[in-house]
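# Structure at a glance
In case you want the letters, here they are:
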Amino acid sequence: MLRGLTLILAFQLAGLALEQIPGMPLPGPITGMILFFLYLLVTDGGFDPERETARKLLNHMPLFFIPAGAGIITLGSLLQEQALGITLALTLGTLVAFVVTGLLMQWLIR
Amino acid sequence: MTALINSPHFAITLTLAAYLAGHWIYRLTGKPSFLQPVVSGIALVCLALYVLGLDYERYMDGAAIIHFMLGTVTVALALPLYQNLKLIRTHLKPLAITLAVSGIVASGTAVGILWLTGADRGMLLSMATKSITTPFAISVTETIGGYPPLAAAFVMVTGILVAAFGGPILRITGVTHPAARGCAMGMTGHGVATARAFEMGPETGAFSALSIGLMGLYTAVVLGLIMP
């Protein structure tokens, strides 16, 4: 567990280091994910410690959204002001994207 | 008492307890997708902050370690992406084209509609990540200058809508191929809809799971390049 966590944290740190490069389009954690992914490719799937740690973290992924998500408490007035636009964007936008994605993929496969 | 409430001990315990309570509520109500543990977890934390009169910034200071771990779990997402990689090889071209179109349509339509109703820049940027997995959406929004909590909320609502209405819409539109069903669920509804996709079948679920990572990476790169 500890070995796996150390390795994953090292990739997170490397991602943060690369984020400092000017013009880098990706946030540190996402770059870290790409590095971890490349590691898995190179090592043909990695080893038990990091796989087990990654699985344990992913099992409780939603826990880690809670502090950022609770920030919604400070944005109530903004949500209220733009409620109509937000509702339309979420419902119509999602419907269009969903239908386009399904039909396009099916058409391309056949 | 105030010192206690302002300590990390309180913020961390509150977050974990709210998450566990969210799980409990989810199971007790028969697992409806709109009551994802994280939804009630966030609601319970907000309720506690409101009742105790605690500043959000104070709470966030205390819970900083949990927010830090969001970056760690983002790195860990490489594992499911790697495990679903073999699916890419079998459908490389259709997947690449669908992803390229789907990413633009998912962000473009939502941001476009919001722009027509006169929303401000921060709000538009928070909407752009609505179809990607929450940890990606939060870190991308932090980088491009939106409101991360709104981005997280929009992601959750989008995932819940796709999970709830995706099945009937696939039937109406005649999308029957498991790969196409999985892509529709995962590319537009990320992890929340993927749980539903696995109930439709293992192949649909696997394509949906793969789509989460692909859509997240693609959207993050495109937004990072056009919004420096």
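Computed from a predicted model, the values in this text were never measured in an experiment. (Residues numbered from 1 in each chain as written. Chains lettered and ligands numbered in written order. Predicted model: local features only at pLDDT ≥ 70, side-chain atom pairs only at ≥ 80, totals over all residues. Heavy atoms only, no water.)

## Here we look at the side chain of Thr204 of chain B
Residues and elements named next belong to chain B. Mapped onto the fold, Thr204 is located in helix α13 (residues 202–226). By relative accessible area, which is 4% here, Thr204 ends up buried. Excluding residues within four positions of it along the chain, Thr204 makes contact with Pro178, Arg181, Gly182 and Ala197. (Helix = DSSP H or I, 4+ residues; strand = E, 2+ residues; numbered from the N terminus. Buried < 20%, exposed > 50% of the residue type's maximum accessible area, 1.4 Å probe, protein only. Contact = heavy atoms within 4.5 Å.)

## So, the pattern of salt bridges
For the coordinates displayed, the defined rule picks out three salt bridges over all chains. A salt bridge links Arg51 of chain A to Asp48 of chain A, with the shortest nitrogen-to-oxygen separation between them at 2.8 Å. Residue Arg51 of chain A and its partner Asp48 of chain A are located together in helix α3 (residues 48–59), separated by three residues, close to a single helical turn. Put simply, Glu199 of chain B and Arg196 of chain B hold a salt bridge, and the shortest N to O gap is 3.1 Å. In this pair, Glu199 of chain B and Arg196 of chain B are both assigned in helix α12 (residues 178–200), three residues apart and thus about one turn of the helix distant. Residue classification places Glu199 of chain B among the exposed positions, given a relative accessible area of 62%. (Salt bridge = Lys/Arg side-chain N within 4 Å of Asp/Glu carboxyl O.)

## Here's the deal with helix α10 (residues 134–144) of chain B
Burial analysis of α10 of chain B places nine of its eleven residues in the buried class, which makes it a mostly covered element. Of the positions making up α10 of chain B, those classed as buried are Thr134, Pro135, Phe136, Ala137, Ile138, Ser139, Val140, Thr141 and Ile144 of chain B. Summarising the contacts, the buried residues of α10 of chain B are in contact with α2 (28–42) and α4 (66–69) of chain A together with α5 (64–76), α9 (121–127), α11 (148–173) and α13 of chain B. The first or second residue beyond α10 of chain B is Gly145 of chain B, which carries a positive phi of 100°.

## Considering the UniProt feature "transmembrane region" (unreviewed entry) in chain A
All names here are of chain A. Under the local residue numbering, the UniProt record ascribes the feature "transmembrane region" (unreviewed entry) to residues 29–47, 59–79 and 85–109. With 43% helix and 0% strand, residues 59–79 has its two end C-alpha atoms placed 31 Å apart. With 100% helix and 0% strand, the stretch residues 85–109 has end C-alpha atoms that lie 35 Å from each other. (UniProt positions renumbered as here; feature names shortened; annotations may be inferred.)

## So, the confidence of the model for chain B
All names here are of chain B. For chain B, mean pLDDT is 93; residues scoring 70 or higher make up 100% of the total. The weakest mean pLDDT in chain B belongs to helix α1 (residues 2–5) at 81; the strongest belongs to helix α8 (residues 92–116) at 96. Here the prediction assigns the complex a pTM of 0.91, and the interface score ipTM is 0.94. (pLDDT = per-residue confidence, 0-100.)

## With respect to the side chain of Thr31 of chain A
All names here are of chain A. In this fold, Thr31 is placed in helix α2. Assessed through its relative accessible area of 5%, Thr31 is described here as buried. Beyond its immediate chain neighbours, meaning those up to four positions away, Thr31 contacts Gly15, Leu18, Met24 and Leu26.

## Quick notes on the domain arrangement of chain B
All names here are of chain B. Assigned domains of chain B: these are domain 1 (1–54) and domain 2 (67–226). For domain 1 and domain 2, the distance between their C-alpha centroids amounts to 26 Å. Regarding the contact of domain 1 and domain 2, the summed buried area is about 360 Å², with carbon and sulfur atoms giving 82% of it. If you look at where domain 1 meets domain 2, you find zero salt bridges. Across the domain 1-domain 2 interface, the total number found is zero residue pairs in polar contact (both at pLDDT 80 or more). Counted by class, the side of domain 1 that touches domain 2 contains three nonpolar, two polar and no charged residues. (Domains from an automatic or database assignment. Buried area = accessible area lost by both parts, 1.4 Å probe. Polar contact = N/O pair within 3.5 Å; in protein donor to acceptor, adjacent residues only side chain to side chain. Nonpolar A, V, L, I, M, F, W, Y, C, P; charged D, E, K, R; others polar.)

## Quick notes on the packing of helix α6 (residues 83–109) of chain A against α12 of chain B
Packing of α6 of chain A against α12 of chain B leaves a shortest axis separation of 8 Å and a crossing angle of 150°. The angle between the axes of α6 of chain A and α12 of chain B places the two elements in the roughly antiparallel class. Seen from above, α6 of chain A lies across α12 of chain B with right-handed handedness. Contacts between α6 of chain A and α12 of chain B involve Ala97, Phe98, Thr101, Gly102, Met105, Gln106 and Ile109 of chain A on the former and, on the latter, Ala179, Ala180, Cys183, Ala184, Met185, Met187 and Thr188 of chain B. (Axes fitted to C-alpha atoms, helices over the stretch in contact; angles between N-to-C directions. Parallel < 35°, antiparallel > 145°, perpendicular 65-115°, else oblique. Left-handed = near helix turned anticlockwise from the far one by under 90°.)

## Structural notes on the nonpolar core
In this structure, Phe36 and Phe64 of chain A together with Val45, Tyr59 and Leu95 of chain B are the most contacted members of the largest nonpolar core, which totals 89 residues. Per-element tally for this core: the top contributor is α12 of chain B, with nine residues. Each of domain 1 (1–54) and domain 2 (67–226) of chain B contributes no fewer than three residues to this core. Leaving out residues up to four positions away in the same chain, Leu95 of chain B has contacts with Met105 of chain A together with Leu87, Ile88, Cys183, Met187, Phe207, Leu210 and Leu214 of chain B. Leu75, Leu78 and Ile86 of chain A together with Ala119 of chain B belong to the second-largest nonpolar core, a separate cluster that totals 14 residues. (Core = buried A, V, L, I, M, F, W, Y, C linked by side-chain atoms within 4.5 Å.)

## Regarding the packing of α2 of chain A against α10 of chain B
The N-to-C vectors of α2 of chain A and α10 of chain B enclose an angle of 130°; their axes lie 8 Å apart at closest approach. Between α2 of chain A and α10 of chain B, the interaxial angle falls into the category oblique. On α10 of chain B, the residues touching Pro29, Ile30 and Met33 of chain A of α2 of chain A are Phe136, Ser139 and Val140 of chain B. Among the residues forming the contact of α2 of chain A with α10 of chain B, the class breakdown is five nonpolar, one polar and no charged.

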